[in-house]
Amino acid sequence: MSQSSKNAFKFFALGGGNEVGRSCHILQYKGKTIMLDAGIHPAYQGIASLPFYDDFDLSSVDILLISHFHLDHAASLPYVMQRTNFKGRVFMTHPTKAIYRWLLRDFVRVTSIGINSTGEDDNLYTDEDLVESFDKIETIDYHSTVDVNGIKFTAYHAGHVLGAAMFQIEIAGLRVLFTGDYSRETDRHLNSAEVPPLSSDILIVESTFGTATHEPRLSREKKLTQLIHTTVSQGGRVLMPVFALGRAQELMLILDEFWSQHADELGGGQVPIFYASDLARKCMSVFQTYVNMMNDDIRKKFRDSQTNPFIFKNISYLKNLEEFQDFGPSVMLASPGMLQSGISRDLLERWCPDDKNLVLITGYSVEGTMAKFIMLEPDTIPSVNNPEITIPRRCQVEEISFAAHVDFQENLEFIEKINANNIILVHGESNPMGRLKSALLSNFASLKGTENEVHVFNPRNSVEVSVEYTGTKIAK
Ligand SMILES: [Zn+2]
């Protein structure tokens with residue numbers, strides 16, 4: 001711990017430090033306290049999935065900003081708002097709030113494994129908590145600045161998923177940029193992440209892919225459609241575990257287009273595509289409503305055809321597996337994305353014994369989840385309902401990433417443009433994060449010892465980073 005100085009900027013992670021999951025970071029400067037994100041860890045359940053909230057007095061938080069609706073960034077928010085001494089204000093973008101409502105209701109339902117073996121209620125929060133928290137959440141438009149008692153913050157496009165934002169925060173002239181999860185690649189429907197017009201002194205940036213390089217988007221799309229095409233042509237079933245909302249809609253745009261281009265062979269229900277998610281059906285209206293917040297490409301399509309691009313010709317919705325007639329080849333997008341439980345897990349267990357079938361992972365798989373395990377191509381997997389029972393795994397397993405996080409080159413280019421002297425890495429497993437830190441330090445090695453020296457931090461959870469700023473920062 002450094003000595004407590006009024007001019008010290010302090011950062012620490014209650015979650016998401018040297019890990020992917022339960023993102024939650026605290027910033028303190030000049031007596032103000034900001035909390036960034038409030039997620040859960042998808043590999044754990046109940047209290048164990050929360051950030052380390054006991055390590056901090058949440059009653060001191062002035063504002064809490066939520067970057068996007070993914071569970072690892074937003075799913076502990078009702079807990080924070082209803083079950084702790086937190087009393088600050090909460091902000092998110094309009095689409096994030098619209099999706100958050102449905103998403104967390106689903107989360108409550110799915111995690112309402114509820115009463116545990118000792119008869120105690122294990123739920124983090126209830127539907128009522130969710131409804132009450134919802135009414136207290138304030139929204140912010142992109143490119144607009146809100147001032148809460150001297151803390152100014154502005155939302156910028158982050159790419160990644162609909163509604164995702166980067167926040168630039170300014171306190172007494174000191175500017176901090178928090179990327180949340182972000183992508184820079186042109187996407188089929190989203191605006192890519194933008195560089196704020198004003199410089200930042202401190203950058204808090206994700207490190208999901210470390211120093212890895214993505215294949216170009218077009219070749220990934222081609223690989224994806226070819227792999228699926230080959231599998232269904234040979235009579236196989238394709239399971240694509242996806243998070244209910246966000247990247248799934250991007251994959252649906254790709255598949256719907258490919259099916260239309262191969263209509264005589266695949267269309268008209270010859271090889272059906274299903275999206276097994278009640279939630280997705282409800283939330284498609286959110287996507288249809290917020291087309292105006294998407295990129296020019298999709299808005300042009302919308303204008304030209306006069307039909308909503310999120311009304312798919314070749315994809316039908318399934319509420320549950322009871323209504324699914326499992327005859328012949330098909331493509332199934334199903335949640336949850338990491339195969340922890342639910343529909344995607346049930347189908348995995350049903351389809352994995354057959355070597356004609358394919359499990360195609362397109363998202364980021366967190367350590368400790370089935371999606372991560374299946375990529376090791378184990379001979380058997382445990383049944384979710386009874387771990388004593390093992391199921392043979394003969395299906396193919398492939399990974400083609402559509403996770404919409406920056407790769408090393410994209411991250412480095414963005415970091416260089418932001419030009420901050422202090423960089424704090426979050427949202428990455430220790431090894432990729434450590435490699436990113438080394439690569440950044442060697443990239444900025446020529447500035448070492450100068451007044452523009454770049455410092456890179458990769459703190460673990462609950463380890464404080466402290467940076468001294470002398471006097472009131474004069475805005476550059
Ligand atoms: Zn995300």
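The text that follows walks through the structure, step by step, so that each part is easy to find. (Residues numbered from 1 in each chain as written. Predicted model: local features only at pLDDT ≥ 70, side-chain atom pairs only at ≥ 80, totals over all residues. Heavy atoms only, no water.)

On to the overall build of the protein. From N to C terminus, the protein includes 13 helices and 22 strands. Relative to its length of 476 residues, the protein is compact, with a C-alpha radius of gyration of 22 Å against a globular reference of 23 Å. Projecting the C-alpha coordinates of the protein onto the three principal axes gives extents of approximately 70 × 55 × 45 Å. When the 476 residues of the protein are sorted by exposure, 56% land in the buried category. Intrachain contacts of the protein at a sequence separation of at least 6 include 73% that bridge at least 24 residues. (Helix = DSSP H or I, 4+ residues; strand = E, 2+ residues; numbered from the N terminus. Rg over C-alpha atoms; globule rule 2.2 N^0.38 Å. Buried < 20%, exposed > 50% of the residue type's maximum accessible area, 1.4 Å probe, protein only. Contact = heavy atoms within 4.5 Å.)

Once that is clear, we can look at the packing of helix α5 (residues 217-233) against helix α6 (residues 247-261). Helix packing geometry: the angle between the two helix axes and the distance between the axes. Closest axis-to-axis distance for the α5/α6 pair is 11 Å, and the angle between their directions is 60°. Where α5 crosses over α6, the handedness of that crossing is right-handed. Two secondary-structure elements touch here, α5 through R217, E221, L224, T225, I228 and H229 and α6 through E250, L251, I254, L255, F258 and W259. In terms of residue class, the contact of α5 with α6 is built from seven nonpolar, two polar and three charged. (Axes fitted to C-alpha atoms, helices over the stretch in contact; angles between N-to-C directions. Left-handed = near helix turned anticlockwise from the far one by under 90°. Nonpolar A, V, L, I, M, F, W, Y, C, P; charged D, E, K, R; others polar.)

Turning next to the sheet that holds strand β22 (residues 465-468). Strand-to-strand pairing in sheets goes through backbone hydrogen bonds, with the strands running parallel or antiparallel. Spatially, β6-β5-β4-β3-β2-β1-β22 is the arrangement adopted by the seven strands of the open sheet, whose pairing is mixed. In the strand order of this sheet, the two ends are held by β6 (137-140) and β22, each with one partner. On average, each strand axis in the sheet is inclined to that of its neighbour by 25°, with strand direction left out of account. Summarising the sheet, strand β2 (residues 24-29) and strand β3 (residues 32-36) pair through five bridges and their orientation is antiparallel. Bridge pairing in β3 links L27 to I34. In the packing of helix α4 (residues 127-136) onto the sheet, contacts are made with β5 (89-93) and β6, and the angle to β6 comes to roughly 45°. (Pairing = 2+ DSSP bridges.)

Further remarks concern the coordination of the zinc ion. Within the protein, H68 (NE2), H70 (ND1), H160 (NE2) and D181 (OD) serve as the donor atoms for the zinc ion, at 2.2 to 2.3 Å. Each of the four donor atoms bound to the zinc ion contributes to angles spanning 93 to 168°, and the resulting shape is irregular. Sequence positions of the residues that donate to the zinc ion give the spacing H-x1-H-x89-H-x20-D. In this pair, H68 is assigned in the loop between β4 (63-65) and α1 (71-74) and D181 in the loop between β10 (174-178) and β11 (202-206), connecting sequence segments 113 residues apart. (Donors = N, O, S within 2.8 Å, 3.2 Å for Na, K, Ca; no water. Tetrahedral: all angles 85-135°; square planar, octahedral: opposite > 155°, others 65-115°.)

In this section: the packing of aromatic side chains. Counted according to the given criterion, the structure contains 12 aromatic pairs. Taking 6.4 Å as the distance between ring centres and 85° as the angle between the ring planes, the aromatic pair formed by Y29 and Y469 counts as edge-to-face. Taken as a pair, Y29 in strand β2 and Y469 in the segment after β22 lie far apart in primary sequence, 440 residues in all. Neither Y29 nor Y469 differs from the other in exposure class; each is buried. (Phe/Tyr/Trp six-rings, centres within 6.5 Å; stacked < 30°, edge-to-face > 60°.)

Further remarks concern the side chain of T93. In this fold, T93 is placed in strand β5. By relative accessible area, which is 2% here, T93 ends up buried. A polar side-chain atom of T93 sits 2.8 Å from a polar atom in the side chain of T96. With residues up to four places along the chain from it excluded, the contact list for T93 reads T139, I140, Y142, G163 and A165. (Polar contact = N/O pair within 3.5 Å; in protein donor to acceptor, adjacent residues only side chain to side chain.)

Looking now at the pairing of strand β16 (residues 358-361). Consecutive side chains of a regular strand alternate in pointing toward one face of the sheet and then the other. With burial as the criterion, each face of β16 is covered, one bearing L358 and L360 and the other bearing V359 and I361. With two bridges connecting them, strand β12 (residues 238-241) and β16 associate as parallel partners. What sits directly across from L239, in β16, is V359.

Once that is clear, we can look at the sheet that holds strand β7 (residues 145-148). Judged by pairing direction, the sheet is mixed, and its seven strands sit side by side in the order β7-β8-β9-β10-β11-β20-β21 without closing on themselves. Strands at the two margins of the open sheet, each flanked by one partner only, are β7 and β21 (455-457). Strand-to-strand twist of the sheet, defined as the mean angle between neighbouring strand axes without regard to direction, takes the value 20°. Along the sheet, helix α12 (residues 408-418) makes contact with β9 (165-171), β10, β11 and β20 (422-426), crossing β11 at roughly 165°. Relative to β20, helix α13 (residues 430-443) is tilted by about 160°, and along the sheet it contacts β11, β20 and β21.

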